[in-house]
There are 2 protein chains.
Amino acid sequence: MLERAKSLDAADPLAKFRERFDVPGGVIYLDGNSLGCLPRATPARLEQVVREEWGRDLIRSWNSADWINLPQRVGAKIAPLIGAQPHEVIACDSVSVNLYKLISAALRMRPGRKVVLSEAGNFPTDVYMIEGLEQQGLAERRLSDRGDLLEALDEDVALLLLTHAHYKTGEVFDMEAITRAAHDKGALVLWDLSHSGGALPVDLNARNADFAVGCGYKYFNGGPGAPAYAFVAERHHSDAQQPLSGWMGHATPFAFSDDYTPAPGVDRLLCGTPGILGLAAMEVGVDLIAEIGIEPLHSKSQKLSEFFRQCLLESGLDLELVSPIDPAQRGSQLSFRHEDAYAICQALIARGVIGDFRDPDILRFGFAPAYLRFEDMAEAARHLAEVLETEEWQRKEFRERAAVT
Amino acid sequence: MLERAKSLDAADPLAKFRERFDVPGGVIYLDGNSLGCLPRATPARLEQVVREEWGRDLIRSWNSADWINLPQRVGAKIAPLIGAQPHEVIACDSVSVNLYKLISAALRMRPGRKVVLSEAGNFPTDVYMIEGLEQQGLAERRLSDRGDLLEALDEDVALLLLTHAHYKTGEVFDMEAITRAAHDKGALVLWDLSHSGGALPVDLNARNADFAVGCGYKYFNGGPGAPAYAFVAERHHSDAQQPLSGWMGHATPFAFSDDYTPAPGVDRLLCGTPGILGLAAMEVGVDLIAEIGIEPLHSKSQKLSEFFRQCLLESGLDLELVSPIDPAQRGSQLSFRHEDAYAICQALIARGVIGDFRDPDILRFGFAPAYLRFEDMAEAARHLAEVLETEEWQRKEFRERAAVT
């Protein structure tokens, strides 16, 4: 398969972009869906922000380096990659905090309804943020299995909150059909794009989405704990009010009034002072993904994951695939179930093949198409086959759980 | 005065610390209370985080570089500088977001009471975050002038939220007396230390404080939009529950359960994935302030501001001081009222003397004692006198307002 991989790499129109990332030697990195690789341009940009904008120009950079508009600028660059207009997206805070803002805004727009419906087994922070509002007496959390969601969608539902591509299995929702079904019941929809933004085509406005959030540190390569982004459809700009009404979301923050007046549009999603270092690093990652383009990334992602699956099949491996077998139905990942998934993951990491484990039994491989090669697929599949054949994952050192799994 | 300044600098035990900061040439920086200077060690530390921890070690750094404990580690380093125990402080999110968490926690601990009392003219974000909860129907905002606060403190008050050193005037509250008065009425107290942490002695536990938040980018020199910190007194660790219940505040985040169980202690204040770049930069600033020591910093700060005042007096300037004249009653700043404060501030900036303006008529000078010299005081006072005498602030270019003032 290695020969075949090399010829696929030779014909890959995105191959040249690998060198725009600092992919470490000796590593096959199948975890770009958890933390994206470092773009080569990032260290120099950060050095400039730190030494020149902060160190030399100090407080003046809020104006001279336009720090004050960085959340909007990064948001506007993400917008076309998720089917939004530039003024509908802003980069700030974390996914979790933005979820809280938008769930709250939706509840307020549907007085008389308290239910926020989500999927059981959705990414934890999504369902926890609903729970936070439930503890405040402001929401009622309803979780339903994927197959029963449409049935659970009734006229008590203020908001349907779903993750577009499931973090564990990679299953992708039909955004258009689900959004329509929710609207038919008078509910709003909030899409979590953490596992799709920057990797899959997302067309929020064409699908009539109301709200969305997404992650900066996965496929956008923004760095560890990078700021998140949030989308509010233009038609909701005047109605969407959120309770984290910090000074940076004020219409005139530097008037220092005692009373809060929300800024127009998505600017009102800002809360505290934006983290400039994180935003500056994120901008580099977003620029790079925008330069490559979502369609070519998605096309390569599907080819990578299919080639990986083929390599596994040719090794005679019989692992239980929990991701959809149709690449059009899944995100940029393949997940397998194995009762010793944790130890297998550790054994692979020891060999330089970095995937990740998701409790209790999922071995997850992410395919960040911007910097992965078909050669990596062949090699990763070979290592996985060897680890399973030799049972080297049975070693004690691979079974001890670290703080972060 | 310049001669006198130079001899004061020669005798200054903190003079040697100036070179630990990258203070730009040609600038007298009197705005460290808005954005602290860049520590010289920060760029190298950030480069290490970016190139090695992120670029080379990638996702493994959550364990190997202990990213997962960075919020707690930075919090524990801040703790002794504000009179707290290491496990009572955590660094994360923004001041605004942390205010929301702690106001909510306090309201929940005082069922039957809805009033959150604060000072009219407190820093806007503090009063706006109460307003956010008021809009949700969870709080009732009560603002009172400073002199009437104790009178406004009745048994409807769940929480008293005050800024220890006022952002505009620098007036410092008597933390012990106010906290006692609030407790006598059964109210909790949340102190915003944004303008005191890292500059003034703060002794949260000795004053019996309940909660506190503070800013990372002012006197702690953490960089633009650095993460904030939050304090919860140990006695409240089991009762304080906050609604921004994101996955990183879960007792076992990597169990990926559908149900939220708060982590013990201040760890439950975490919400989303912490911003590692911001936290890493902040740690360098906190380490440096800890090395210098709060007492020597405070002592020098008082001497600097007094010397600046003397220089102004000797110039024959008659500016209206709005800060307390007693240095023990004010933070590390001096603020003056002038109807043309904005233009004067701009004229000074054009001369390299960077203070700031606070709407509508306040000219504010902050004295970050870690890197300022007495010589800077003499020179800044001379420039201010010249600007006023020559009326150069009348020029048109100094009157046009920038986005950020």
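Residues numbered from 1 in each chain as written. Chains lettered and ligands numbered in written order. Predicted model: local features only at pLDDT ≥ 70, side-chain atom pairs only at ≥ 80, totals over all residues. Heavy atoms only, no water.

**A closer look at the pairing of strand β6 (residues 188-192) of chain A**
All names here are of chain A.
- Most of β6 sits inside the fold, with five of its five residues counted as buried.
- Residues L188, L190 and D192 line one face of β6 and the alternating positions V189 and W191 line the opposite face, and both faces are buried.
- A crossover links strand β5 (residues 157-163) with its parallel partner β6, the connecting element being helix α8 (residues 175-184), and its sense is right-handed.
- Here β6 pairs with strand β7 (residues 211-214) via three bridges, running parallel. When the bridges of β7 are listed, W191 appears paired with A212. (Buried < 20%, exposed > 50% of the residue type's maximum accessible area, 1.4 Å probe, protein only. Helix = DSSP H or I, 4+ residues; strand = E, 2+ residues; numbered from the N terminus. Right-handed = clockwise from strand over helix to strand, strands pointing away. Pairing = 2+ DSSP bridges.)

**Focus: the pattern of salt bridges**
Residue and element names in this part refer to chain A.
- Counted according to the given criterion, the structure contains 64 salt bridges over all chains.
- As a salt-bridge pair, E176 and R207 come within 3.5 Å of each other at their nearest N and O atoms. On the criterion of sequence distance, the pair formed by E176 in helix α8 and R207 in the loop between β6 and β7 is long-range, its members being 31 residues apart.
- On the basis of relative accessible area, E176 is assigned to the partly exposed category, the value being 34%.
- When the shortest N-O distance is used, the salt bridge between D210 and R235 registers 2.9 Å. A residue pair is termed long-range when its members are at least 10 positions apart, and D210 in the loop between β6 and β7 and R235 in the loop between β8 (228-232) and α9 (276-292) qualify at 25 residues. (Salt bridge = Lys/Arg side-chain N within 4 Å of Asp/Glu carboxyl O.)

**Observations regarding the relation of the copies chain B and chain A**
- Between the two copies, chain B and chain A, the superposition gives an RMSD of 0.0 Å; the rotation angle is 180° and the shift along the axis is 0.0 Å. Such a turn and shift between the copies fits a two-fold axis.
- Residue by residue, 100% of the interface of chain B is reproduced at the interface of chain A, so both copies engage with the same surface. (Least-squares fit on C-alpha atoms with pLDDT ≥ 70 in both. Contact = heavy atoms within 4.5 Å.)

**Observations concerning the domain arrangement of chain A**
Residues and elements named next belong to chain A.
- Parsing chain A into structural domains produces domain 1 (2-30 + 294-398) and domain 2 (43-291).
- Look at where the C-alpha atoms of domain 1 and domain 2 centre, and you get two points 30 Å apart.
- Domain 1 puts 25 residues into the contact, and the matching count from domain 2 is 19 residues.
- Buried surface at the junction of domain 1 and domain 2, both sides included, amounts to about 1800 Å², of which 61% is carbon and sulfur.
- When the area that domain 1 buries against domain 2 is broken down by residue, the three leading residues are R20, I294 and Q333, summing to 28%.
- In this structure, R20 and E291 form a salt bridge, with 2.7 Å as the shortest nitrogen-oxygen distance.
- Joining domain 1 to domain 2, the criterion identifies 10 residue pairs in polar contact (both at pLDDT 80 or more).
- Within the residue set of the side of domain 1 that touches domain 2, elements represented by two or more residues are α10 (294-314), β10 (333-337) and β13 (362-366).
- Tallying contributions element by element places α10 first for the side of domain 1 that touches domain 2, with four residues. (Domains from an automatic or database assignment. Buried area = accessible area lost by both parts, 1.4 Å probe. Polar contact = N/O pair within 3.5 Å; in protein donor to acceptor, adjacent residues only side chain to side chain.)

**A few points about the packing of aromatic side chains**
- Tallying each qualifying case throughout the model produces 35 aromatic pairs over all chains.
- On the basis of an interplanar angle of 90° and a centroid distance of 5.0 Å, the ring pair of A:F123 and A:Y167 is categorised as edge-to-face. Here A:F123 is found in the loop between β3 (115-119) and α6 (124-135), whereas its partner A:Y167 is found in the loop between β5 and α8, with 44 residues between them in sequence. A:Y167 shares its class with A:F123; the two are buried.
- Put simply, the rings of A:F123, A:Y167, B:W247, B:F254 and B:F256 touch in pairs and so form one group of aromatic residues.
- Above the face of the B:F173 ring, B:R146 is positioned so that its terminal group lies 3.8 Å from the ring centre.
- Taking NZ or CZ as reference, B:R401 lies 4.8 Å from the ring centre of B:Y342, over its face. (Phe/Tyr/Trp six-rings, centres within 6.5 Å; stacked < 30°, edge-to-face > 60°. Lys NZ or Arg CZ within 6 Å of the ring centre and 35° of its normal.)

**Here's the deal with the UniProt feature "binding site: pyridoxal 5'-phosphate" (unreviewed entry) in chain A**
- Under the local residue numbering, the UniProt record ascribes the feature "binding site: pyridoxal 5'-phosphate" (unreviewed entry) to A:S96, A:F123, A:P124, A:T125, A:D126, A:T163, A:D192, A:H195, A:Y217, A:W247 and A:T273. On the basis of their most widely separated C-alpha atoms, the annotated residues across 178 residues do not gather in one place, lying as much as 30.6 Å apart.
- Examined against the element boundaries, A:T163 turns out to sit in strand β5.
- Those residues within four positions of A:T163 in sequence are excluded, and the remaining contacts are A:N122, A:F123, A:D126, A:F173 and A:D192.
- A distance of 2.5 Å separates polar atoms of two side chains, one belonging to A:T163 and the other to A:N122.
- Checked against the element boundaries, A:W247 lands in the loop between β8 and α9.
- The exposure class assigned to A:W247 is buried, which follows from its relative accessible area of 9%.
- Sequence-distant contacts of A:W247, that is, excluding residues within four places in its chain, are made with A:P253, A:F254, A:F256, A:C271, A:G272, A:T273, B:S96, B:F123, B:P124, B:T125, B:Y128 and B:Y217. (UniProt positions renumbered as here; feature names shortened; annotations may be inferred.)

**Overview of the interface of chain B and chain A**
- On the side of chain A, 87 residues touch chain B, which itself brings 87 residues to the contact.
- With a closest N to O distance of 2.6 Å, A:R141 and B:D259 form a salt bridge.
- Only α2 (42-56), α3 (61-64), α5 (95-109), α6 (124-135), β4 (140-144) and α9 (276-292) of chain B provide two or more residues apiece to the side of chain B that touches chain A.
- Looking at side-chain class alone, the side of chain B that touches chain A contains 47 nonpolar, 26 polar and 14 charged residues. (Nonpolar A, V, L, I, M, F, W, Y, C, P; charged D, E, K, R; others polar.)

**Details of the pairing of strand β2 (residues 89-92) of chain A**
Residue and element names in this part refer to chain A.
- Judged by which residues are buried, β2 turns out to be covered on both faces: V89 and A91 on one side and I90 and C92 on the other are all buried.
- Pairing analysis gives four bridges linking β2 to β8, with the strands arranged antiparallel. Following the sheet pairing, A91 is matched in β8 by Y229.

**As for the UniProt feature "modified residue: N6-(pyridoxal phosphate)lysine" (unreviewed entry) in chain A**
Residues and elements named next belong to chain A.
- In this structure's numbering, the residues bearing the UniProt feature "modified residue: N6-(pyridoxal phosphate)lysine" (unreviewed entry) are K218.
- Discounting chain neighbours no more than four positions away, the residues touching K218 are G32, N33, S34, G36, S194 and H195.
- Only 3.2 Å separates the side chain of K218 from the backbone oxygen of N33, close enough to count as a polar contact.

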